[in-house]
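Structure at a glance
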Amino acid sequence: MLGDLGEEYIVDEDKLGLKVTSGSVTIVKDESTNMIGISIGGGAPNCPCLYIVQIFDNTPASKEGTLQSGDELTAVNNVSVKGKTKVEVAKLIQTVRGEVTIQYNKLHAEASQGKSLDIILKKVKHRLVENMSSTTADALGLSRAILCNDSLVKKLAELQRTEVMYRGMVEHTQRLLRAYLELQRTLKVFGECFAQIGVREPQPRASLAFTQFGDYHRQIEKRGLVMVKELKPVLGDLGTYLHKAIPDTKLTIGKYADAKFEYLSFCLKVKEMDEEEFNYASIQEPLYRVETGNYEYRLVLRCRQDARARFAQLRSDVQVKLELLDNKHVQDIATQLQKLSKGLAEFYEEMFRLSKENENLFPVEVDLTDTAFIYDCNLETLPPDEDDEDSGVVVPTPPNDFPLID
């Protein structure tokens, strides 16, 4: 179409303020396929330049790393490609054996330059579609296939269930240890009471029994405090998993999902621009962005490539973290439950041993006739009030055994 117009009608390139630099790179071709691993777009008759649409993974161009999506191809082995079609350029590259030298104009673009309002709205759409049921999505004519088949995002629901289980376990263990701590305090007070009774008991046999019984409770209290102190790290380990490992993994999954939505948004944008270009070409109408170098499209291609790289890296990070988290979950839950049950079992065994050692302390004979009514201090009685005498109420006089204390 551009050839049908006179030179005075050739439209200058609209670079959208993007920086472009020239360079060349030599790539060793794959011997088995005789390809360098790129797809080419643009070219005659509609576009004044040819550019790289995609760099395929694990190919010579991908491993070399210089060429990127959106870069313009200017020559192959010093043969200019200006005015050629993309098919002609592809054949030109394929005819070269071994090494091929590509001259290019590199497009320098920041990721923020491609994040238009349209891309943001597409990300919102993908988030909404992911949370929809299949029935709702089908009714609205939206596709959920690429979202529903993501096993890593599904892992987030499993992670939330694991978090709920660990939170319940931590709270239960906290209540259990607090209850044991309160029990030890009660045993301590109980032991002190019996120790005081043993000290004040005049009969040697009963005094020894009460003293030993009080000491028995204090030994249980000490052993219980040791048990609580030994089991306290279990709470720390469970808390580390609950408050650090799980939130960190959830954050990584969230970043991964955001990168995925962004990548899908750029893919959708590329598809829409391809359809727009095809529709204009089918009716033989010029498209301004294509005739001016298609820089807008090339910018989206570059952003899509960068978004895909971030998406792939975060996917790898999520897989590693989930694997480590699963291994830690399986090992950690078994280890911590074993520590908890072992600590409680040892405590009860110690209680049983102490109970066996002190099971013959009772019954104890205590002579209540000699000790029940002995008081350490005298009782104080008040003198009768005048009102009591006037009212006829007689206040009994205390016996001589209880003298009044002034």
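Since the model is a prediction, treat every value here as computed from it, not as a measurement.

1. Some details on the overall build of the protein
Within the protein, the secondary structure is distributed over 12 helices and 6 strands. Taking all 406 residues of the protein together, 35% fall into the buried category. Carbon and sulfur atoms make up 54% of the accessible area of the protein, which amounts to about 24800 Å² in all.

2. Structural notes on the packing of aromatic side chains
With the rule as written, the count across this model stands at 11 aromatic pairs. Centroid distance Tyr180 to Tyr348: 6.4 Å. Interplanar angle 65°. Geometry classified as edge-to-face. Of this pair, Tyr180 sits in helix α7 (residues 151-200) while Tyr348 is found in helix α10 (residues 295-357), placing the two residues 168 residues apart along the sequence. Residue Tyr180 is classed as buried on the basis of its relative accessible area, which comes to 8%. Centre to centre, the rings of Phe190 and Phe194 are 5.0 Å apart; their planes meet at 70°, and the pair counts as edge-to-face.

3. Re unusual backbone geometry
Across residues other than glycine, the phi torsion is negative in most instances, and most of the peptide bonds are trans. Of note, the bond from Ala44 into Pro45 is cis; its omega dihedral lies within 30 degrees of zero at 10°. With respect to the helices and strands, the residue Pro45 is situated in the loop between β2 (38-42) and β3 (50-55). With phi around 50°, Asn77 is a residue other than glycine that occupies positive phi space. Of the residues examined, Asn77 reaches a relative accessible area of 31% and is grouped as partly exposed. The residue Asn294 is not glycine, and still its phi comes out positive at about 55°. Among the secondary structure elements, Asn294 is positioned in the loop between α9 (288-291) and α10. Exposure remark for Asn294: the relative accessible area of 0% places this residue in the buried category.

4. Quick word on the pattern of salt bridges
The full count for this structure, using the stated rule, is 13 salt bridges. Between Asp71 and Lys106 there is a salt bridge, and its shortest N-O distance comes to 2.8 Å. Here Asp71 is found in the loop between α1 (60-64) and β4 (72-76), whereas its partner Lys106 is found in strand β6 (residues 99-108), with 35 residues between them in sequence. For the pair formed by Asp71 and Lys106, the shared burial category is buried. Across the salt bridge formed by Asp248 and Lys321, the nearest N and O atoms sit 2.8 Å from each other. Of this pair, Asp248 sits in helix α8 (residues 204-282) while Lys321 sits in helix α10, placing them 73 residues apart in sequence. Because the salt bridges share partners, they merge into one network encompassing Asp71, Lys106 and Arg302.

5. Looking at a nonpolar patch on the surface
A grouping of Leu117, Ile120, Leu121, Val124 and Leu128 is seen on the molecular surface, where their side chains present a nonpolar patch of about 480 Å² in accessible area. Following the sequence through the fold, Ile120 ends up in helix α4 (residues 117-130).

6. Topic: α8
Between its terminal C-alpha atoms α8 stretches 115 Å, which fits the 117 Å expected from 79 residues at 1.5 Å a residue. Looking one or two residues past α8, Gln284 carries a phi angle of roughly 55°, positive in sign.

7. Here we look at the pairing of β2
Among the 5 residues that make up β2, 4 are buried, leaving the element largely enclosed by the rest of the structure. The pairing of β2 with β3 spans 5 bridges and is antiparallel. Each bridged residue has a counterpart across the sheet, and for Gly42 the counterpart in β3 is Leu50.

8. Some words on the packing of α8 against α10
At a minimum axis separation of 7 Å, α8 and α10 run at an interaxial angle of 165°. With respect to α10, the element α8 is oriented roughly antiparallel. In this structure, α8 meets α10 at a crossing whose hand is left-handed. Looking at the contact of α8 with α10 residue by residue, the class counts come to 32 nonpolar, 8 polar and 20 charged.

9. What about the environment of Tyr51?
Within the fold, Tyr51 resides in strand β3. Sequence separation between Tyr51 and Ser39 is 12 residues, and the spatial gap between their C-alpha atoms is 8.6 Å. Discounting chain neighbours no more than four positions away, the residues touching Tyr51 are Ser39, Ile40, Gly41, Gly42, Gly70, Asp71, Glu72, Leu73, Asn294, Tyr297, Arg298 and Leu301. Within the structure, the side chain of Tyr51 is placed 2.9 Å from the side chain of Asn294, a separation counted as a polar contact.

10. What about the confidence of the model for the protein?
Summary statistics for the protein give a mean pLDDT of 80 and a share of 80% for residues scoring 70 or more. Considering only residues more than four positions removed or in separate chains, one finds that residues 1-9, a stretch of pLDDT under 50, has 12 contacts. Here residues 391-406 scores under 50 on pLDDT; set against residues more than four positions off or in separate chains, the count is 9 contacts.

Cut-offs applied
Residues numbered from 1 in each chain as written. Predicted model: local features only at pLDDT ≥ 70, side-chain atom pairs only at ≥ 80, totals over all residues. Heavy atoms only, no water. Helix = DSSP H or I, 4+ residues; strand = E, 2+ residues; numbered from the N terminus. Buried < 20%, exposed > 50% of the residue type's maximum accessible area, 1.4 Å probe, protein only. Areas by Shrake-Rupley, 256 points an atom, 1.4 Å probe, with all protein chains shown as cover. Phe/Tyr/Trp six-rings, centres within 6.5 Å; stacked < 30°, edge-to-face > 60°. Salt bridge = Lys/Arg side-chain N within 4 Å of Asp/Glu carboxyl O. Patch = residues over 30% accessible without salt bridge, like charges linked within 9 Å, V, L, I, M, F, W, Y side chains within 5 Å. Expected span 1.5 Å × (residues − 1). Pairing = 2+ DSSP bridges. Axes fitted to C-alpha atoms, helices over the stretch in contact; angles between N-to-C directions. Parallel < 35°, antiparallel > 145°, perpendicular 65-115°, else oblique. Left-handed = near helix turned anticlockwise from the far one by under 90°. Nonpolar A, V, L, I, M, F, W, Y, C, P; charged D, E, K, R; others polar. Contact = heavy atoms within 4.5 Å. Polar contact = N/O pair within 3.5 Å; in protein donor to acceptor, adjacent residues only side chain to side chain. pLDDT = per-residue confidence, 0-100.

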